[in-house]
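Topology and contacts: notes
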Amino acid sequence: METIIVTPKNKKAIPFLKHLLSSLDDVDKVEVVNLPRERTEKSIEAGLKDLQDIISGKKNGKPLKQLLDEE
């Protein structure tokens, strides 16, 4: 599935856009995401994306032993 990113001009438009997109039959899911700004936030965001990819089967996870042996 492909993803479309919509960037509103201001925060007041978010509820309207979310409602509008949710009401369309062809839209499966509408999610409001705040983009990370700091290094730690970016790292956590990347980790959560990896987790979502592993759960959905797009990516293979590593066993805990393999992760611990990498140090």
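Every chain begins its residue count from 1, and numbering advances along the sequence as written. Predicted model: local features are reported for residues with pLDDT of at least 70 only, side-chain atom pairs are reported and counted for 80 or more only, and whole-chain, interface and lining totals are derived from all residues. The side-chain quantities take in all heavy atoms of the structure and omit both hydrogens and water.

What counts as a helix is a DSSP run of H or I of at least four residues, what counts as a strand is a run of E of at least two, and both are numbered from the N terminus. In terms of regular secondary structure, the protein chain is built from 3 helices and 0 strands. Reading the protein chain from its N end, one meets helices and strands in the order α-α-α. When we talk radius of gyration, it's over C-alpha atoms, and the globule rule is simply 2.2 Å times the number of residues to the 0.38. Compactness check: the protein chain gives a C-alpha radius of gyration of 17 Å against a globular reference of 11 Å for 71 residues, more than 25% above the reference. When the backbone C-alpha atoms are referred to their principal axes, the protein chain occupies close to 50 × 30 × 15 Å. Summary of the burial criterion: residues with accessible area below 20% of their type's maximum are buried, those above 50% are exposed, and those between are partly exposed, where the area comes from a 1.4 Å probe applied to protein chains only. Looking at the protein chain residue by residue over its 71 residues, the buried ones come to 1%.

Moving on: the side chain of Asp53. Tracing the chain through its elements places Asp53 in helix H2 (residues 39-56). What makes two residues a contact is simply this: any of their non-hydrogen atoms within 4.5 Å. Look past the residues within four positions of Asp53 in its chain and what remains in contact with it is Lys58 and Lys59.

A separate point is H2. Look at H2: 26 Å from first C-alpha to last across 18 residues, which is about the 26 Å you get at 1.5 Å a residue. Within two residues after H2, Gly57 carries a phi angle of roughly 90°, on the positive side. How far a helix is expected to stretch is found by multiplying one less than its residue total by 1.5 Å.

So, on to a nonpolar patch on the surface. On the surface, Ile44, Leu48, Leu51 and Ile55 cluster together into a nonpolar patch covering about 410 Å² of accessible area. With respect to the helices and strands, Ile44 occurs in helix H2. Every patch collects residues that have over 30% relative accessible area and no salt bridge, joining them within 9 Å if they carry like charges and within 5 Å if they are nonpolar side chains (Val, Leu, Ile, Met, Phe, Trp, Tyr). Throughout, the Shrake-Rupley method with a 1.4 Å probe supplies accessible areas, and for residues the shown protein chains are the sole cover considered. Definition used for salt bridges: Asp or Glu carboxyl oxygen within 4 Å of a side-chain nitrogen of Lys or Arg.

Secondary-structure assignment places Leu51 in helix H2. For Leu51, a relative accessible area of 44% translates into the label partly exposed. In this structure, the C-alpha to C-alpha distance between Leu51 and Gly61, residues 10 residues apart in sequence, is 8.3 Å.

What follows is about the environment of Lys12. With respect to the helices and strands, Lys12 occurs in the segment before helix H1 (13-22). Separated by 31 residues in the primary sequence, Lys12 and Ser43 place their C-alpha atoms 29 Å from one another.

Moving on, we get to the confidence of the model for the protein chain. How sure the predictor is of each residue is captured by pLDDT, a score from 0 to 100. Counting all residues, the mean pLDDT for the protein chain is 87, and 96% of those residues have values of 70 or more. Mean pLDDT across the elements of the protein chain bottoms out in helix H3 (residues 64-69) (86) and peaks in H1 (92).

It is worth spelling out the environment of Asp50 at this point. As for its placement among the helices and strands, Asp50 is situated in helix H2. When its relative accessible area of 32% is taken as the criterion, Asp50 is described as partly exposed. Along the chain, Asp50 and Asn60 lie 10 residues apart, while their C-alpha atoms are 9.3 Å from each other.

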